[in-house]
Amino acid sequence: MFSRFPNRGLQVLLSLGIILGITFAYRRILPVNQTTVALTFLLAILAVSAFWGFTVSAIMSVAAVLAFNYYFLPPVGAFTVTDPQNWVALFVFLATSLIASQLATRARNQAEAAQQRRKEIERLYLFSQQLLVSGNVITLLNFIPNHIVETFEVGAASLYLANKNKFYHSGSAAHIDEEEMKQATAREDAHLDASRSLSFAPVRMGTRSIGSIGISGRLLSRQTLEALGTMIAISFERARAVEDLGKTEATREGERLKSALLDSVTHDFRTPLTSIKAAVTSLLSTAENSEMQRHELLTVINEECDRLNRLVGDAAEMARLDAGEFELQLEAQSVSEIVASALQHCKGALGDRHIRVEVSAELPLVRADHSRVKDVLVRLIENADAYSSKDQPITISAEISGNFITVGVADRGPGVEDIELGLIFDKFYRGKGQRYLVQGTGMGLPIAKAIVEAHGGSINVTSQLGHGSVFYFTLPVDPGRREPR
């Protein structure tokens, strides 16, 4: 109840009112001896000091001494003291009340500090659990600032990585000075600027500094900042170790992947080249081709060149994703706007096919790279278009599920066998029933999976033979803007 009065002046007035209330009660209602009065005053002072601190309780102690002297020590009604023992009693009472107030205030402060440390330890534990989710370095670096903002309820956070000279931001991090973050890398301990509500801490692995963190909006303790720096460094090294292990495993499977790549290149690159070669040969060997024949042959050459260009683009994109050489431009995005952009991109390929869009404009914003997520959606739409009859609709939907938005693309194609559901996101894999009926490289879905996972989401498929498939992926809701634009 006492904590409801945060204003110091009001606290002092209320504490003086308590002294007056006790004095009135013992003078007018329930006369008691001087010892009872002194103990009652002391208990009231201890209670006030436990809630409002030493300053208020010290003022209350002086007021209690004056009231005790004036109303309860002879001669009553005057501040004079005739008996030397009463002087001793007054000074002992004042000293006892001040010391007890100091001890109670110290106990309260220690309890509050312990409570704060407990909360920060709980948040550090939750933060450590979040760091273990990702084994990808790029994903980890992009999401560490977000995790700090969400877990510790600060205004903004930034991460600086010295070896790459790159900054990763979350929230309104524009006012976190990048030069100060670079300087924090060379420091041995955390630096707190209370006047600007800014704090900086080095990210250290043992004695080696690999970067720094900057936090604004709420000051954390030095111990928490240092623990954060250590956790981030450990998680970064762990993610790198996991990636190195993955690369080692990839090397072991090199022959299998090489065989799959060669098979894909042999089939998918040779087919358009054969068509181009045949068209060019026909143009060169027959001098009297009609204008219509020339146009048809040139159209074949143009389409097959576009196909080759897509194959090369997919191969280059896959190489960049495998090497982790891409960076997401994460911003608050509207799912409905991303869907509209993807459909506009696919407009020519879809033709007159009926598209159902079941995406509410009221959905929360997602934190995503617009062009990358659009690419994922385009690949899923083109996949649905290629594997289903042109007279069947494609349905695009989106719904919120916890802190994620799930986006789905449903078709009414032949479906995917259960045994293949766990394989279709593998590189170069193509469904055994469709691999010779539909053109493709087997790289589209793996690329989509890599992009979605870099956003901290997941991608999957449900299917029923003869009735179609639903490919769906999740994107995290933007923590700073949960309302639609």
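Here, the structure is the one placed above.
Residues numbered from 1 in each chain as written. Predicted model: local features only at pLDDT ≥ 70, side-chain atom pairs only at ≥ 80, totals over all residues. Heavy atoms only, no water.

### A closer look at a nonpolar patch on the surface
A cluster of nonpolar side chains, contributed by L10, L13, L14, L16 and I59, occupies part of the molecular surface with about 390 Å² of accessible area. Examining the composition of the nonpolar patch, we find that four residues originate from one element, helix α1 (residues 8-29), more than from any other. Tracing the chain through its elements places L13 in helix α1. (Patch = residues over 30% accessible without salt bridge, like charges linked within 9 Å, V, L, I, M, F, W, Y side chains within 5 Å. Areas by Shrake-Rupley, 256 points an atom, 1.4 Å probe, with all protein chains shown as cover. Salt bridge = Lys/Arg side-chain N within 4 Å of Asp/Glu carboxyl O. Helix = DSSP H or I, 4+ residues; strand = E, 2+ residues; numbered from the N terminus.)

### Comments concerning empty space enclosed by the protein
Considering all chains together, one arrives at two cavities of 30 Å³ or more under this definition. Taken as a whole, the largest cavity holds about 40 Å³ of empty space. Lining the largest cavity are S334, V335, S336, V359, S360, A361, L363, P364 and L365. Tallied by class, residues from the lining of the largest cavity come to six nonpolar, three polar and no charged. Quantified by volume, the second largest cavity comes out at close to 30 Å³. If you list the elements that add at least two residues to the lining of the second largest cavity, you get α10 (335-345), α12 (370-386) and β12 (468-476). The element best represented in the lining of the second largest cavity is α10, accounting for three residues. (1 Å grid on protein atoms, 1.4 Å probe; cavity = no way out; pocket = protein on both sides within 12 Å on 5 of 7 lines; lining within 4 Å. Points joined across faces, edges and corners; volume = space filled by probe spheres on them. Nonpolar A, V, L, I, M, F, W, Y, C, P; charged D, E, K, R; others polar.)

### Focus on the sheet that holds strand β10 (residues 404-410)
Read across the open sheet, the five strands follow the order β7-β9-β10-β12-β11; overall the sheet is mixed. At either margin of the open sheet sits one strand with a lone partner, and together these are β7 (355-358) and β11 (459-464). The mean inter-strand angle of the sheet, taken between neighbouring strand axes irrespective of direction, is 15°. One ladder, built from seven bridges, connects strand β9 (residues 394-401) with β10; its direction is antiparallel. Paired with S397 across the bridge in β10 is G408. (Pairing = 2+ DSSP bridges. Axes fitted to C-alpha atoms, helices over the stretch in contact; angles between N-to-C directions.)

### Re the nonpolar core
Residues V335, L377, L380, I381, I405, V409 and F473 are the most contacted members of the largest nonpolar core, which totals 38 residues. If you list the elements that add at least two residues to this core, you get α10, β8 (366-368), α12, β9, β10, α13 (444-454), β11 and β12. The element that contributes the greatest number of residues to this core is α12, accounting for seven residues. When near neighbours in sequence (up to four residues on either side) are disregarded, V335 contacts V359, V366, A398, I405 and V407. Counting 27 residues, the second-largest nonpolar core is a separate cluster that includes L140, A190, I215 and L225. (Core = buried A, V, L, I, M, F, W, Y, C linked by side-chain atoms within 4.5 Å. Buried < 20%, exposed > 50% of the residue type's maximum accessible area, 1.4 Å probe, protein only. Contact = heavy atoms within 4.5 Å.)

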